[in-house]
Amino acid sequence: MDSKTPDDGGAASPARAAMSAKVRERLNRNPMVSRIETPLIDMYVRHDFASAQECARLRELIDADAQPSSLFAGSASPDWRTSSSCHLDPWEATVEAVSDRICALMGLAPALGETLQGQRYHVGQQYKAHYDFFPVNTDYWPRMRDSGGQRCWTAMVYLSGVAAGGETHFPHAGFMVPPREGMLLVWSNLTADGAPNEKTAHAALPVAVGTKYVVTKWFRERPWTP
Ligand SMILES: O=C(O)CCC(=O)C(=O)O
Ligand SMILES: [Fe+2]
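Residues numbered from 1 in each chain as written. Chains lettered and ligands numbered in written order. Predicted model: local features only at pLDDT ≥ 70, side-chain atom pairs only at ≥ 80, totals over all residues. Heavy atoms only, no water.

1. Digging into the layout of surface pockets
Here is step 1: Empty space within the second largest pocket amounts to approximately 210 Å³.
Here is step 2: Taken together, 14 residues make up the lining of the second largest pocket; nearest its centre are Pro90, Ser99, Gly113, Thr115 and Lys217.
Here is step 3: Looking at the lining of the second largest pocket element by element, the count peaks at five residues for helix H3 (residues 93-106).
Here is step 4: Here the lining of the second largest pocket is composed, by residue class, of seven nonpolar, three polar and four charged. (1 Å grid on protein atoms, 1.4 Å probe; cavity = no way out; pocket = protein on both sides within 12 Å on 5 of 7 lines; lining within 4 Å. Points joined across faces, edges and corners; volume = space filled by probe spheres on them. Helix = DSSP H or I, 4+ residues; strand = E, 2+ residues; numbered from the N terminus. Nonpolar A, V, L, I, M, F, W, Y, C, P; charged D, E, K, R; others polar.)

Next up, the structure:
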């Protein structure tokens, strides 16, 4: 880090690299967790992470609260993210239990994690390709830098299966993940040196049949202070 660009979340960082390595090593040691074989992204899957009852409860909470999803870059085209979403109450019992288990599995302090976000996609709804890390050339980056810095890891639990469509598509890595109830998908948004990894671009493809529900938790490099 040079003094002209203090804490540039857009570049390599030993602190972010160390955080990534710690999580990676922990996930590699967990026999319940499988690594998705791609050299481009650190990505892992854990089946049956959330129970059917937990998924049902989280879907119910999302149905009660979801509003049309917002974007950081509010000027993007109106069909960019057509799902509905909400921030779930962190003190609700199921939200707290699932959130705590995500932190424990990853070995990350709960303070680093943003509130669990719920999201629902009806037929035809989607979230086009985007990054979960913050591009540092945006007007919102200074606020994000000061409220915990980069989003280093994404953890997402699928709360429903979908009969057709709705896959999470990683175009650079050349694969897609079909929603499966209870499955946790985890990936690093960074390269091994702690810089944003553009190969992590991903999209939620339009749902063709059914309704897709997910919860997502993003982990910052420093404690999240909204
Ligand atoms: O719903 C999905 O499959 C992906 C959601 C996503 O990328 C996000 O919420 O950032
Ligand atoms: Fe995303």
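Still to come is the rest of the account.
2. A short note on the coordination of the iron ion (ligand 2)
Here is step 1: Coordination of the iron ion (ligand 2) by the protein comes from His130 (NE2), Asp132 (OD) and His202 (NE2), over a distance range of 2.1 to 2.2 Å.
Here is step 2: For the iron ion (ligand 2), the single-chain donor residues occur in sequence as H-x1-D-x69-H. Each member of the pair, His130 as well as Asp132, is classed as buried. (Donors = N, O, S within 2.8 Å, 3.2 Å for Na, K, Ca; no water. Buried < 20%, exposed > 50% of the residue type's maximum accessible area, 1.4 Å probe, protein only.)

3. A closer look at the packing of helix H1 (residues 14-29) against H3
Between two packed helices, both the angle of their axes relative to each other and the distance between the axes serve to describe the pair.
Here is step 1: The geometry of H1 relative to H3 is characterised by a closest axis approach of 8 Å and an angle of 95° between their N-to-C directions. Relative to H3, the element H1 is oriented roughly perpendicular. Contacts from Val23, Arg26 and Leu27 of H1 reach H3 at Ala104, Leu105 and Met106.
Here is step 2: The residue inventory of the contact of H1 with H3, partitioned by class, reads five nonpolar, no polar and one charged. (Axes fitted to C-alpha atoms, helices over the stretch in contact; angles between N-to-C directions. Parallel < 35°, antiparallel > 145°, perpendicular 65-115°, else oblique. Contact = heavy atoms within 4.5 Å.)

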